[in-house]
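Analysis of the macromolecular model
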Amino acid sequence: MEKFDALDERGFKLGYKLKRGKTIPENIYFGIVTIVTVDPNNNILVTKRNPNKPSGNLWEITGGGIQAGESVLKAARRELGEETGIWVDEADFIYLDKESQWPFICNSFVVKLKKAYDIILDPKETIDYKWLSLSEFFEFAKNEEFVLNIGNRISMHKEEILKIINNN
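Overview of the structure. Only a predicted model underlies this, so the values are computations on that prediction, with no experimental measurement involved.

1. Looking at helix α3 (residues 148-156)
Those residues of α3 lying buried are Ile150, Gly151, Arg153 and Ile154. In a view along the axis of α3, the buried residues occupy a sector of 160°, so they form one face of it. In the core, the buried residues of α3 are packed alongside β3 (30-38), β5 (59-60), β7 (93-101), β8 (104-112), α2 (134-140) and α4 (158-167).

2. A closer look at the packing of aromatic side chains
Enumeration over the complete set of coordinates arrives at seven aromatic pairs. Considering the side-chain rings of Tyr95 and Phe109, the 5.8 Å spacing of their centres and the 80° angle between planes classify their relative orientation as edge-to-face. With a gap of 14 residues between them, Tyr95 in strand β7 and Phe109 in strand β8 connect regions that are remote in the sequence. Using a relative accessible area of 4% as the deciding quantity, one classes Phe109 as buried. Residues Phe137 and Phe138 carry aromatic rings whose centres are separated by 5.1 Å and whose planes lie at 70° to one another, so their mutual orientation is edge-to-face.

3. Here we look at the pattern of salt bridges
Within the structure shown, the criterion is met by 13 salt bridges. As a salt-bridge pair, Glu70 and Arg78 come within 2.7 Å of each other at their nearest N and O atoms. According to the relative accessible area criterion, Glu70 is buried, its value standing at 16%. Residue Arg78 is classed as buried on the basis of its relative accessible area, which comes to 11%. Here Glu139 and Lys142 are joined by a salt bridge, their closest N and O atoms 3.8 Å apart. Residue classification places Glu139 among the exposed residues on the basis of a relative accessible area of 52%. Among the charged side chains, a salt-bridge network with shared partners connects Glu70, Arg78, Glu79 and Glu82.

4. Notes on the pairing of strand β4 (residues 44-49)
Most of β4 sits inside the fold, with five of its six residues counted as buried. Summarising the sheet, β4 and strand β9 (residues 126-132) pair through six bridges and their orientation is antiparallel. Within the sheet, the bridge partner assigned to Thr47 lies in β9 and is Tyr129. Note: β4 against β5, two bridges, orientation antiparallel. Within β5, the position partnered with Lys48 by the bridge is Trp59.

Here is what the cut-offs are and how they apply
- Residues numbered from 1 in each chain as written.
- Predicted model: local features only at pLDDT ≥ 70, side-chain atom pairs only at ≥ 80, totals over all residues.
- Heavy atoms only, no water.
- Buried < 20%, exposed > 50% of the residue type's maximum accessible area, 1.4 Å probe, protein only.
- Helix = DSSP H or I, 4+ residues; strand = E, 2+ residues; numbered from the N terminus.
- Arc of directions from axis to C-beta.
- Contact = heavy atoms within 4.5 Å.
- Phe/Tyr/Trp six-rings, centres within 6.5 Å; stacked < 30°, edge-to-face > 60°.
- Salt bridge = Lys/Arg side-chain N within 4 Å of Asp/Glu carboxyl O.
- Pairing = 2+ DSSP bridges.

Written as structure tokens, this is what we have:
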């Protein structure tokens, strides 16, 4: 059973663990990461969630839970590698934002890939993928086929995402 550190609204550990699938008490949070993955041609990777997961069959950027005792960067690296087969160094993750929205504290990153990768999906997590141009990506994130809260976060940070992509 996957466990997560229980956090307060600022992201500080409360000294006990939460179990995946159990009810999260009000005002208790757990950490997640999201990663905007950009290829050398400035296309952005989106993946389609397994139909058996919450928000199944919807599109999203890579992300997932920060396991108990795991650092934010280690979680981001692990999630990207497990869900897509893209394994890059922690130093390749460019910090975008930290946002609290109960029950999640989401740390978001941008990864600008230095080379092309073969995508290897974990079918328990993702069932399809596609690369979208920047304009397609920002429009698609508003689409009803995209996970709503992730799409909202992308729209809110569009300018910062573009700045990171264009400066690297």
